[in-house]
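Now for the letters of each chain:
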Amino acid sequence: MMRLIYAALLLCPMLSAQVPSVRWESQHAEVLKLYRDLIQIDTSSPPGNETRAVEYLQKVFAAEGIPTKTFAVDPARANLVARIKGNGRKRPILLMAHTDVVSVQREKWPVDPFGAVIKDGYVWGRGSNDDKDKLAANLMIMLLLKRSGVQLDRDVIFLAESGEEGDSQFGAKFMADQHFDEINAEFALTETGRAVIRNGEVAIVEIETAEKVPHPVHLVATGVSGHASRPRVDNAVVHLAGAVAKLAAWQTPMRLNDTTRTYFEKLATVSSAEDAARYNGLSRADRTAAAQQYLAVNDPFRYSMLRTSVVPTIIKAGYRTNVIPSEAEATIDVRALPDEDMPKFFAEMKRIINDPAVKFEETDFGARPTTTPSRLDSEMYLALERSAKRLYPRATVMPLMGTGATDMAFLRAKGVQCYGIGPATTEQDYVNFGAHSDVERLPESSLYSLLEFTWNAVAEVALSNAAAGK
Ligand SMILES: [Zn+2]
């Protein structure tokens, strides 16, 4: 009986693309339940306890006859992998989402943060945007693929990773380093993109195709300590402050890559005339200085997309008013463009500091591998573009370079083409109720559109030609 129902759900051939269409309304209740169940499992990190979510996923997969494997550094923080087999003609697609969520300040929530309460058209809860929406959508796609019995040209792999919120050694890094065979894929889809709702409809779809690479630096100035009533020319505080000021004043060279060039071009087409002139002006010799200056002051995120950024974040020196300390330290958060030549860049940093009293140390805090941006002409990127157009006809699709670090770095470093996608929200909701906000919520309808958006792309890229009726 179930089999008959599932067969009917799927595979009405579409005219435009050879993607089987699903009667989505009949899937909503199920994906909503998966989503709410996952939000209700408290996986706040610290401590994480992602194994609770893994146990839930195991049950769901087992009920469908989909085998799973788990991998754990810490038994409480397991990762889960499931795979729908294809005929192996092409390399797999990986659907990756993380099970951990950031912790909550309960007093800020108008509802139970782990209640998955539905109110005013939203599902409220920690993880509703980050990342249980992608987790539930990916899970539902696996179930739909299995039930449909369609032939795939490639495996579709599901990975529920732990530790994304600052503990990749339990999750993505561990899986990439120790169990890469289990998740090796040509393409990966995961978080970090989004669809922007303006005036009630999706106007922009951002797909993250690249990210900057953290390379924090530690500066240590040394001098002779002494009584502060006797000024010293080798005062460590003065030398350190000088070095930090020089770095802050240094404008590193601007350089666009495929992702950022395309991003600013497309962004200009959906911006006010003034903003568009600035975005287009970035690559014009006569206008670039003014455009960059405007972004430096008004738009730090987009300014950071233009260059390797050098940002002082910690300064430590001294302990008493009347003591000149012998040491002063600063941390500089360097976020490099993907193609930055780091030895050359660091040499330039030292030349700018130009002070033998200041020692320059590279650190590996938060280190991520350097990766090349994912392609904008791959089968998957083009399928995502088509899927977006189909679902949000008036939207402009643009690739994005994230300025923060993501777990995609571990996969890109192994040659996986990774694309960050996300649900549709208004700018206001994104800022006030998005990932890591005091209160997190997602429009219920955005869960459904995310599922459909992801499905269209996965089905187009994974289904075998025969199954697709080509
Ligand atoms: Zn996340």
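Anything mentioned here points back to the structure above.
Residues numbered from 1 in each chain as written. Predicted model: local features only at pLDDT ≥ 70, side-chain atom pairs only at ≥ 80, totals over all residues. Heavy atoms only, no water.

Visitor: Pulling in residues and values, what's your account of the nonpolar core?
Guide: The biggest cluster of nonpolar side chains holds 71 residues, and the ones touching the most others in it are Leu57, Phe61, Phe158, Val205, Met380 and Leu384. With 11 residues, helix H16 (residues 444-462) is the single largest residue contributor to this core. With 23 residues, the next largest nonpolar core counts Val244, Trp250, Val310 and Ile332 among its residues. (Core = buried A, V, L, I, M, F, W, Y, C linked by side-chain atoms within 4.5 Å. Buried < 20%, exposed > 50% of the residue type's maximum accessible area, 1.4 Å probe, protein only. Helix = DSSP H or I, 4+ residues; strand = E, 2+ residues; numbered from the N terminus.)

Visitor: Give a detailed account of the packing of helix H7 (residues 236-249) against helix H12 (residues 342-353), specifying residues and quantitative values.
Guide: Running from N to C, H7 and H12 cross one another at 125 degrees; their axes reach a closest spacing of 9 Å. By the angle between their axes, H7 is oblique relative to H12. Pair H7 / H12 crosses with right-handed handedness. For the pair H7 and H12, contact is made by Ala243, Lys246 and Leu247 and by Met349, Ile352 and Ile353, respectively. (Axes fitted to C-alpha atoms, helices over the stretch in contact; angles between N-to-C directions. Parallel < 35°, antiparallel > 145°, perpendicular 65-115°, else oblique. Left-handed = near helix turned anticlockwise from the far one by under 90°. Contact = heavy atoms within 4.5 Å.)

Visitor: Requested: an account of the pattern of salt bridges, with residues and values cited.
Guide: Using the criterion set out here, one finds 36 salt bridges in the structure. We note a salt bridge from Glu50 to Arg77, for which the minimum N-O separation is 2.9 Å. Taken together, the positions of Glu50 in the loop between strand E1 (44-45) and helix H3 (51-64) and Arg77 in the loop between strand E2 (68-71) and strand E3 (79-84) put the pair 27 residues apart, joining distant regions of the chain. You can call Glu50 buried: its relative accessible area is 0%. Classification of Arg77 as buried rests on a relative accessible area of 5%. Two residues, Asp377 and Arg375, come together in a salt bridge whose shortest N-O distance is 2.7 Å. (Salt bridge = Lys/Arg side-chain N within 4 Å of Asp/Glu carboxyl O.)

Visitor: Can you explain the coordination of the zinc ion? Please cite residues and give values.
Guide: Protein-derived coordination of the zinc ion comes from His98 (NE2), Asp130 (OD), Glu191 (OE) and Glu191 (OE), at a distance range of 1.8 to 2.7 Å. Each of the 4 donor atoms bound to the zinc ion contributes to angles spanning 53 to 155 degrees, and the resulting shape is irregular. In the primary sequence, the donor residues of the zinc ion line up as H-x31-D-x60-E. On the criterion of sequence distance, the pair formed by His98 in strand E4 (residues 93-98) and Glu191 in the loop between strand E9 (187-190) and strand E10 (194-198) is long-range, its members being 93 residues apart. (Donors = N, O, S within 2.8 Å, 3.2 Å for Na, K, Ca; no water. Tetrahedral: all angles 85-135°; square planar, octahedral: opposite > 155°, others 65-115°.)

Visitor: Explain the sheet that holds strand E7 (residues 122-124) residue by residue, including any values.
Guide: Taken together, 3 strands build an open sheet; the order of strands is E6-E7-E22 and the sheet is antiparallel. Whereas interior strands pair on both sides, the edge strands pair on one side only; in this sheet they are strand E6 (117-119) and strand E22 (441-443). When the angles between neighbouring strand axes are averaged without regard to direction, this sheet yields 25 degrees. Pairing analysis gives 3 bridges linking E6 to E7, with the strands arranged antiparallel. Opposite Val117, over in E7, you have Trp124 as the bridge partner. Lying over the sheet, helix H2 (residues 25-40) contacts E6, E7 and E22, oriented at roughly 25 degrees with respect to E7. (Pairing = 2+ DSSP bridges.)

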